[in-house]
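# Working through the structure, step by step
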Amino acid sequence: MTDQPVEDMGKRATMIDVAERASVSQATVSLVLNGVANARVSESTRQRIFEAAEALGYRKGPRHSVPENASPVIGLLLDEVSTTPFAMPFIEGARDEAALQDVLLATFCTRGDPKLENAALDMLAQQKAIGVIYATLVTTQLAEMPERLGNLPTVLLNCYEKRARYPSVVPGDVAGGHAATEALLKVGHRRIAHLAGEQWIEAARARAQGYRQALTTWDVAVDPDLLVTGGWTVNGGRELTAKLLELDSPPTAIFCFNDRMAIGAYDAVRAKGLRVPDDISIVGFDDEDLASYAQPPLSTVILPHDEMARWAVGALLDRRAGDTSARKIKMECPLVPRGSIAPPAKTRS
């Protein structure tokens, strides 16, 4: 196990990371790191937790004031929790940050149903909760807001509204797409393809924009033959890459909309008798667990859902304390270089 702090790799360490390293439960980590009095934890276990936290670079966030006239509860409304792996970083990040402030997180999965949303909001209002974090799994501009959302201080997570009445945080997908493409440009690639997601997905459009901007910055023309669209699945990545490899002048590198498409691209490269990164470099996006287990490990861009959720908790507490600004934050999506990037084969001596 590496001793490199998680923060140095572009990802803020969580209590879960500390618990795994110290071989204890997250509840025990929370008791120790939050200094809970009379917690029945042995001195050796405490020391192991502190050492794990230090090795991982775990740091508490800034302290926010918790209002005395409210219940120490924050509501997290999610439209879905099962269709993607990204719900858990929202829940865990918000829960961790709330715990640091001695606040509980109540999570509601509403499936975007207005009746369920308003019922959850009524319950939170009756309990005099601190406020609500309204989240969507797919980054989107909200066309409509729940009727009762105005009854509580609110922060929007992974979504925003045109009227900008509430603070909101979304990933910086354009900059992330730029960083992924530039990483390939820096090692000498010029025939860089992009496997784009479906265009109804805002993140797909933003990441493709970042791809184009990076090429333009490096005075590389955007070749329409190398910009292809086809979903977000492993099968989609495999099929699109197979077609790209049949071009008279195939790409030497591929930037994929997400890690799943990148894994499909790996399959297509191997089926052609080629190797990653010796014959073709590949970069993904999202930093799913599968990225680090790929062979070679996949270079990818972090989707900072954990950090976004932490920010949302702090912004909500600040809003309750009197901060009325409705700023829209774009959270950095840092690149994680692994083993899937190398200079083009023809440029190596």
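Here's a quick rundown of the structure. If you're wondering where the values come from, they're calculated on a predicted model, not measured in any experiment. (Residues numbered from 1 in each chain as written. Predicted model: local features only at pLDDT ≥ 70, side-chain atom pairs only at ≥ 80, totals over all residues. Heavy atoms only, no water.)

Relative to each other, helix α8 (residues 234–244) and helix α9 (residues 259–271) sit at 45°, their axes nearing to 6 Å. Taken together, the axes of α8 and α9 lie oblique to each other. As for how α8 packs across α9, the hand of that crossing is right-handed. Contacts between α8 and α9 involve Val234, Gly236, Gly237, Arg238, Leu240, Thr241 and Ala242 on the former and, on the latter, Arg260, Met261, Gly264, Ala265, Asp267, Ala268 and Val269. A class-by-class count of the residues in the contact of α8 with α9 yields 7 nonpolar, 4 polar and 3 charged. (Axes fitted to C-alpha atoms, helices over the stretch in contact; angles between N-to-C directions. Helix = DSSP H or I, 4+ residues; strand = E, 2+ residues; numbered from the N terminus. Parallel < 35°, antiparallel > 145°, perpendicular 65-115°, else oblique. Left-handed = near helix turned anticlockwise from the far one by under 90°. Contact = heavy atoms within 4.5 Å. Nonpolar A, V, L, I, M, F, W, Y, C, P; charged D, E, K, R; others polar.)

Turning next to the packing of aromatic side chains. All chains considered together, the criterion is met by 2 aromatic pairs. Judged by centre distance (6.1 Å) and plane angle (80°), the ring pair of tryptophan 200 and tryptophan 232 falls under edge-to-face. Taken together, the residues span a long stretch of sequence, with tryptophan 200 in the loop between β6 (192–196) and α7 (202–217) and tryptophan 232 in the loop between β7 (227–229) and α8 at a distance of 32 residues. The exposure class of tryptophan 232 is partly exposed, given its relative accessible area of 37%. On the basis of an interplanar angle of 45° and a centroid distance of 6.5 Å, the ring pair of phenylalanine 255 and phenylalanine 285 is categorised as tilted. Separated by 30 residues along the polypeptide, phenylalanine 255 in strand β8 (residues 253–256) and phenylalanine 285 in the loop between β9 (281–283) and α10 (289–293) bring together distant segments of the chain. You'll find phenylalanine 255 and phenylalanine 285 in the same group, each marked buried. (Phe/Tyr/Trp six-rings, centres within 6.5 Å; stacked < 30°, edge-to-face > 60°. Buried < 20%, exposed > 50% of the residue type's maximum accessible area, 1.4 Å probe, protein only.)

Time to look at the nonpolar core. Ile192, Leu195, Leu244, Ile254, Cys256, Ile282 and Leu298 are the most contacted members of the largest nonpolar core, which has 41 residues in total. Counting only elements with at least two residues in this core, the list comes to α6 (173–186), β6, α7, α8, β8, α9 and β9. The element that contributes the greatest number of residues to this core is α9, accounting for 6 residues. Residues within four places of leucine 244 in sequence aside, it is in contact with Ala193, Leu195, Asp225, Leu226, Val228, Pro250, Pro251 and Ile254. The next biggest cluster of nonpolar side chains, apart from the first, holds 27 residues, and it includes Ala70, Ile91, Met308 and Val313. (Core = buried A, V, L, I, M, F, W, Y, C linked by side-chain atoms within 4.5 Å.)

What follows is about helix α4 (residues 87–100). Here α4 is 14 residues long and its end C-alpha atoms lie 20 Å apart, about the 20 Å a rise of 1.5 Å per residue gives. Extensive coverage of α4 is indicated by the burial of 10 of its 14 residues. Immediately downstream of α4, the backbone of aspartate 102 shows phi near 60°, a positive value. (Expected span 1.5 Å × (residues − 1).)

The topology assignment puts isoleucine 341 in the segment after β12 (335–336). For the pair isoleucine 341 and leucine 184, spaced 157 residues apart in sequence, the C-alpha to C-alpha distance is 7.0 Å. When near neighbours in sequence (up to four residues on either side) are disregarded, isoleucine 341 contacts Ala183, Leu184, Val187, Pro277, Ser281, Ile282, Val283 and Ser299.

Spatially, the 6 strands line up as an open sheet ordered β2-β1-β3-β4-β5-β11, and their pairing is parallel. What marks the edges here is a single partner per strand, and that holds for β2 (104–109) and β11 (328–331). Going across the sheet, the axis of each strand differs from the next one's by a mean of 20°, ignoring polarity. Sheet analysis places strand β3 (residues 129–142) next to strand β4 (residues 154–161), joined by 7 bridges and oriented parallel. Note on β4: the bridge partner recorded for threonine 140 is cysteine 159. Each of β1 (71–78), β2, β3 and β4 is contacted by α4, which is oriented at about 170° to β1, the strand it contacts most. (Pairing = 2+ DSSP bridges.)

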